[in-house]
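# Chain and residue survey
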Amino acid sequence: MSDKTIKGPASYFPSIEKTYGRPISEWKALVRAALPARHMELVAMLKTQHGMGNGHANALVAHTLAEDGGR
């Protein structure tokens, strides 16, 4: 058994996949396709176009942008 607990934005990923029926890799691709939009513009896109809740959208955008060097 692992003692490593997932923290931060990635802790939302299992819930995002279960709730919205797509793997995280697809959501990240959608976020990246919308670049160079700003953080809150990306959050708004996920909320309005895909019905994602604010917390899930924010976590996904934050994690994706951090992976890409904070664009």
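Report on the accompanying structure. (Residues numbered from 1 in each chain as written. Predicted model: local features only at pLDDT ≥ 70, side-chain atom pairs only at ≥ 80, totals over all residues. Heavy atoms only, no water.)

## Some details on the packing of aromatic side chains
For the structure on display, the rule yields one aromatic pair. Considering the side-chain rings of tyrosine 20 and tryptophan 27, the 6.1 Å spacing of their centres and the 80° angle between planes classify their relative orientation as edge-to-face. For arginine 22, the ring lying beneath its charged end belongs to tryptophan 27, and the centroid distance is 5.0 Å. (Phe/Tyr/Trp six-rings, centres within 6.5 Å; stacked < 30°, edge-to-face > 60°. Lys NZ or Arg CZ within 6 Å of the ring centre and 35° of its normal.)

## Concerning helix α4 (residues 54–67)
Helix length check: α4 (14 residues) gives 20 Å between terminal C-alpha atoms against 20 Å at 1.5 Å per residue, within 8%. All of the buried residues in α4 are His56, Ala57, Ala59, Leu60, Val61, Thr64 and Leu65. Where α4 is buried, its residues touch α1 (13–20), α2 (24–33) and α3 (39–50). One or two residues past the end of α4 sits glycine 69, with phi positive at roughly 85°. (Helix = DSSP H or I, 4+ residues; strand = E, 2+ residues; numbered from the N terminus. Expected span 1.5 Å × (residues − 1). Buried < 20%, exposed > 50% of the residue type's maximum accessible area, 1.4 Å probe, protein only. Contact = heavy atoms within 4.5 Å.)

## Let's talk about unusual backbone geometry
Residue proline 36 follows leucine 35 across a cis peptide bond; omega there is 20°. Structurally, proline 36 can be placed in the loop between α2 and α3.

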